[in-house]
Amino acid sequence: MENISKMEMAGDLFKQIYIKTEKKFFGFMTKVTYAPTNSPVVGISLEYSPAEGQKIKTILDTPPNKIDEVLPQNGRLQTSPNGNYRLELCYSKDHEFAALHLQQFVGFEYRTVCQIRFAAGNDAKKLLNAFIK
């Protein structure tokens, strides 16, 4: 698990009204909680090949009402040990909330590919199913 406060999307995540943050251990640790369900939020970074990265971009660019059509076409996405794409993923342990941020390695640094996608409820569960078990 990643330290959420060190992730690229941390600032945008912490601005969400349904995310509660709490400093612990003299300010060195940040506890992040999804307020509606009071579930802890965890973060991970996953790397993907260029082909899988394009699939992720398609998923993240799809409007919520069309996501049921796009997810089965892409199946479960396979991570890569040294991928060209990095997906920062924050989600509540009860899978009621998800935040996804896709980046691509270009010119010796990761650059944002598309806007951070926030999802809650059933939409979050559908998105998370494509990325985590």
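Here's what I pulled together on the structure shown here.

Cut-off values and rules
- Residues numbered from 1 in each chain as written.
- Predicted model: local features only at pLDDT ≥ 70, side-chain atom pairs only at ≥ 80, totals over all residues.
- Heavy atoms only, no water.
- Pairing = 2+ DSSP bridges.
- Helix = DSSP H or I, 4+ residues; strand = E, 2+ residues; numbered from the N terminus.
- Buried < 20%, exposed > 50% of the residue type's maximum accessible area, 1.4 Å probe, protein only.
- Polar contact = N/O pair within 3.5 Å; in protein donor to acceptor, adjacent residues only side chain to side chain.
- Contact = heavy atoms within 4.5 Å.
- Core = buried A, V, L, I, M, F, W, Y, C linked by side-chain atoms within 4.5 Å.

## Side note on the pairing of strand S6 (residues 109-112)
Bridge count for strand S5 (residues 97-106) against S6 is 4 bridges, and the pairing is antiparallel. By the bridge assignment, valine 106 is partnered in S6 with glutamate 109. Adjacent in sequence and paired antiparallel, S5 and S6 are bridged by 2 residues, among which glycine 107 carries a positive phi angle near 60°.

## Things to note about the side chain of serine 92
Along the polypeptide, serine 92 turns up in strand S4 (residues 85-92). Under the relative-accessibility criterion, serine 92 is labelled buried at 0%. A polar side-chain atom of serine 92 sits 3.1 Å from the main-chain amide nitrogen of glutamate 96. Apart from the residues within four sequence positions on either side, serine 92 is in contact with Tyr34, Ser39, Pro40, Val41 and Phe97.

## Digging into the nonpolar core
Judged by nonpolar contacts, the single largest core of 26 residues is most densely connected at Tyr48, Ile56, Leu87, Leu89, Tyr91, Leu100 and Phe131. Only strand S3 (39-48), helix H2 (50-61), helix H3 (67-74), S4, S5 and helix H4 (122-131) provide two or more residues apiece to this core. Per-element accounting of this core gives the leading share, 5 residues, to H4. Those residues within four positions of leucine 100 in sequence are excluded, and the remaining contacts are Leu60, Leu87, Glu88, Leu89, Gln115, Ile116, Arg117, Leu127 and Phe131. Counting 12 residues, the second-largest nonpolar core is a separate cluster that includes Ile4, Val32, Tyr34 and Val41.

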